[in-house]
Amino acid sequence: PISYSITMSLKDADTADPDTELATFTETAYVYDKATVTITGDPYYIVAESGSFSVRIVNPATGRNYANTAVFDIVIANHVVEDISAISCTMGSQTWDLLSALDQDGLNVKARIGGVDGYFTIPAPMDATINCSVTYAIPGTYTVSGYMVDVVSTSPVVERIVSDTISETAVVYAKPV
């Protein structure tokens, strides 16, 4: 990462001499490149049949190390949870059944996806592909968007979106008879 040394002075503006310095401090600010997340999926899906998609996460060498602090937030616009009958993802020997992570939020379905203990570790550099399958219950167009979030465990908890927003559309057709 690129670092910058920042020096600041705290001055008392209420004194006769407005340049009266109360304190000076120097901190280092680090600037990291964003991770990129891309989704590649089947060109179309059939109701009640499992379809495939993959999620690729690339954190460059100049990216930040996310030591068990990363999650992924997704939104499926204008659908209900019941429109999806199965969804899971596998990376290496770990498989996540994500159906229970889906929640209804107004007109949308939302999910916060984390690792085994709720968070993922995303080191820099990292280039990983997660293979997923999804089964839709009804035909239609499913617009999915999301991003990677760094959840810093402080009090109060601070969250920062650390990737560009991804967006993908899945077209689901009724099964031919």
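Residues numbered from 1 in each chain as written. Predicted model: local features only at pLDDT ≥ 70, side-chain atom pairs only at ≥ 80, totals over all residues. Heavy atoms only, no water.

## Some thoughts on the side chain of Ser163
Put simply, the rule reads: A run of H or I in DSSP becomes a helix once it reaches four residues, and a run of E becomes a strand once it reaches two; helices and strands are each numbered from the N terminus. Residue exposure (1.4 Å probe, protein chains only): buried if accessible area is under 20% of the type maximum, exposed if over 50%, otherwise partly exposed. By definition, residues are in contact when any of their heavy atoms lie within 4.5 Å.
In this structure, Ser163 sits in the loop between strand E14 (158-161) and strand E15 (166-173). Taking the relative accessible area as the measure of exposure, Ser163 reaches 3% and is therefore buried. For Ser163, the contacting residues outside a window of four places in its chain are Lys34, Ala35, Val37, Tyr147 and Met148.

## Some words on the state of the cysteines
The line we're drawing: Any two cysteine sulfur atoms within 2.5 Å of one another count as a disulfide.
A complete count under the given rule lists 1 disulfide for this structure. What pairs with Cys89 in a disulfide is Cys132, and their sulfur atoms sit 2.1 Å apart. Across the S-S bond of Cys89 and Cys132 the torsion is about 110°, and the bridge reads as right-handed. Taken together, the residues span a long stretch of sequence, with Cys89 in strand E7 (residues 84-91) and Cys132 in strand E12 (residues 126-136) at a distance of 43 residues. You can call Cys89 buried: its relative accessible area is 9%.

## A short note on the packing of aromatic side chains
Note the following rule: Centres within 6.5 Å are what make two rings of Phe, Tyr or Trp a pair, Trp counting through its six-membered ring; a difference in plane orientation under 30 degrees is then read as stacked, over 60 as edge-to-face, and the rest as tilted.
All chains considered together, the criterion is met by 5 aromatic pairs. A ring pair is formed by Tyr44 and Tyr173, whose centres lie 5.9 Å apart and whose planes are at 70°; its orientation type is edge-to-face. Highlighted residues: Tyr44 in the loop between strand E3 (36-41) and strand E4 (45-46) and Tyr173 in strand E15, separated in sequence by 129 residues. Judged by its relative accessible area of 48%, Tyr44 is partly exposed. A relative accessible area of 46% places Tyr173 in the partly exposed class. Ring plane angle 70° and centroid distance 5.4 Å describe the contact between Tyr45 and Tyr136, whose orientation is recorded as edge-to-face. Taken as a pair, Tyr45 in strand E4 and Tyr136 in strand E12 lie far apart in primary sequence, 91 residues in all. The two residues Tyr45 and Tyr136 agree in class, both being buried. Within the aromatic cluster, the residues linked to one another by ring pairs are Tyr45, Tyr136 and Tyr142.

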